[in-house]
Amino acid sequence: MSSVVALALALWAQDVTNYASYFGGNFQEVASVAKSDADGNFFVGGTSSSTGAPFDEGPSEPGRTLGFIAKFSPDGRKIWAKRLPVAEVRQMAISPFGEVVLTGRSVPGALEATEGVFQASQRNGGLYILKMNGEGEILWATYFGNAGLITATSLSISPSGRVAICGFAFLSDLPRP
């Protein structure tokens, strides 16, 4: 059986490859987004269907595709890697303080929303938005939307920590503050 693995390639200077690496397990990892922080650490997010991928923690359910995020040092060493109880990691932003904000399709009820967030539960799918510190600990997590097609196409975080998401939705009940 062949496997598909996430590929990380860091180019630090024009036409100079600092490192190239594979990240994966016994079935399939797909990297969909990559960002770096002010210290040169490299973050990769996407989906994982493997049971043998080198994750430090997170749900492992054979045959189920879930989101993942991994942090690598500037020289390509894995610092940490986690599977998340979400369908995918589609977009990522890094704050000036090294905090990581993620969004993508959710798995309703799988992600534990934190107290006092915008939307604590979800009926039939939509987006999740979560913020982690540089060590991969979730600081807050919320859902957005309850049904229909909703996709985040862009994500940013301001120097003050405010999160902005752009995308499109076919929803009859778009949540509003």
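Above this text you will find the structure in question.
Residues numbered from 1 in each chain as written. Predicted model: local features only at pLDDT ≥ 70, side-chain atom pairs only at ≥ 80, totals over all residues. Heavy atoms only, no water.

Visitor: Is there a simple way to think about the side chain of Asn-133 in this case?
Guide: Along the chain, Asn-133 turns up in the loop between strand E9 (127-132) and strand E10 (138-144). Ignoring sequence-local partners within four residues, the contact set of Asn-133 consists of Gly-98, Glu-99 and Leu-139. (Helix = DSSP H or I, 4+ residues; strand = E, 2+ residues; numbered from the N terminus. Contact = heavy atoms within 4.5 Å.)

Visitor: Would you mind going over the packing of aromatic side chains with me for this structure?
Guide: Aromatic ring pairs are described here by two measures, namely the spacing of the ring centres and the angle between the planes. Here the structure, examined in full by the defined rule, presents 3 aromatic pairs. Both rings, one in Phe-43 and one in Trp-80, keep their centres 6.3 Å apart while their planes meet at 65 degrees; by these two values the pair is edge-to-face. Linking Phe-43 in strand E4 (residues 42-48) with Trp-80 in strand E6 (residues 78-84), this pair joins segments that are 37 residues apart in sequence. Classification of Phe-43 by relative accessible area gives buried; the value is 0%. Aromatic side chains Phe-55 and Phe-68 sit 5.8 Å apart centroid to centroid with 55 degrees between the ring planes, which places their arrangement in the tilted category. (Phe/Tyr/Trp six-rings, centres within 6.5 Å; stacked < 30°, edge-to-face > 60°. Buried < 20%, exposed > 50% of the residue type's maximum accessible area, 1.4 Å probe, protein only.)

Visitor: What is the right way to read the sheet that holds strand E8 (residues 100-105) from this model?
Guide: An order of E7-E8-E9-E10 is seen for the 4 strands of this open sheet, with the pairing classed as antiparallel. Pairing within the sheet leaves two strands with one partner each, and these edge strands are strand E7 (91-94) and E10. Between one strand axis and the next, the sheet turns by 15 degrees as a mean value, whatever way the strands run. Sheet analysis places E7 next to E8, joined by 4 bridges and oriented antiparallel. (Pairing = 2+ DSSP bridges. Axes fitted to C-alpha atoms, helices over the stretch in contact; angles between N-to-C directions.)

Visitor: Even after reading the chapter, I still don't get the pattern of salt bridges, so can you show me in this structure?
Guide: Should the charged atoms of two oppositely charged side chains come close, the side chains can pair. Enumeration over the complete set of coordinates arrives at 5 salt bridges. The salt bridge partner of Lys-78 is Asp-56, with a shortest N-O separation of 3.1 Å. Placement of Lys-78 in strand E6 and of Asp-56 in the loop between E4 and strand E5 (66-72) is noted, with a sequence separation of 22 residues between them. Accessibility expressed as a relative area gives 34% for Lys-78, which makes it partly exposed. Residues participating in the shared-partner salt-bridge network are Glu-88, Arg-90 and Arg-105. (Salt bridge = Lys/Arg side-chain N within 4 Å of Asp/Glu carboxyl O.)

Visitor: What exactly am I supposed to notice about the side chain of Lys-71 here?
Guide: Within the element layout of this structure, Lys-71 appears in strand E5. Comment: no salt bridge for buried Lys-71; closest opposite-charge side chain is Asp-37, at 4.4 Å. A polar contact of 2.9 Å, which involves the side chain of Lys-71, links it to the backbone oxygen of Gly-134. Sequence-distant contacts of Lys-71, defined by excluding residues within four places in its chain, comprise Asp-37, Asn-41, Phe-42, Phe-43, Arg-77, Lys-78, Ile-79, Trp-80 and Gly-134. (Lys, Arg positive; Asp, Glu negative; His and termini not counted. Polar contact = N/O pair within 3.5 Å; in protein donor to acceptor, adjacent residues only side chain to side chain.)

Visitor: Honestly, the sheet that holds E6 in this entry has me stumped. Any pointers?
Guide: The pairing of strands in a sheet comes from backbone hydrogen bonds and takes either a parallel or an antiparallel form. Strand order in this open sheet of 4 strands is E3-E4-E5-E6, and the pairing throughout is antiparallel. Each end of this open sheet is capped by a strand with a single partner; those strands are strand E3 (29-36) and E6. Sheet twist, expressed as the mean angle between neighbouring strand axes with direction ignored, is 20 degrees.

Visitor: How should I be thinking about the nonpolar core in this particular structure?
Guide: Generally speaking, nonpolar side chains in soluble globular proteins are found buried as a group. Grouped together as the largest cluster of nonpolar side chains are 17 residues, with contacts concentrated most on Ile-69, Met-92, Val-100 and Leu-102. Residue assignment for this core shows that the elements contributing at least two residues are E6, E7, E8, E9 and E10. For this core, the element with the highest residue contribution is E9, accounting for 3 residues. Leave out the neighbours within four places in its chain, and Met-92 touches Val-33, Lys-35, Phe-43, Val-44, Gly-45, Ile-69, Val-100, Val-101, Leu-102 and Leu-155. In terms of nonpolar packing, the next biggest core, distinct from the first, is built from 9 residues, Phe-42, Ala-53, Phe-68 and Phe-72 among them. (Core = buried A, V, L, I, M, F, W, Y, C linked by side-chain atoms within 4.5 Å.)

Visitor: What should I look at first to understand the pairing of strand E11 (residues 149-157) in this one?
Guide: The side chains of a regular strand alternate between both faces of the sheet. Note: E11 against strand E12 (residues 163-170), 8 bridges, orientation antiparallel. The residue bridging Leu-149 from the neighbouring strand is Phe-170, located in E12. Linking E11 to E12, which pair antiparallel, is a turn of 5 residues; within it Gly-161 sits at a positive phi near 100 degrees.

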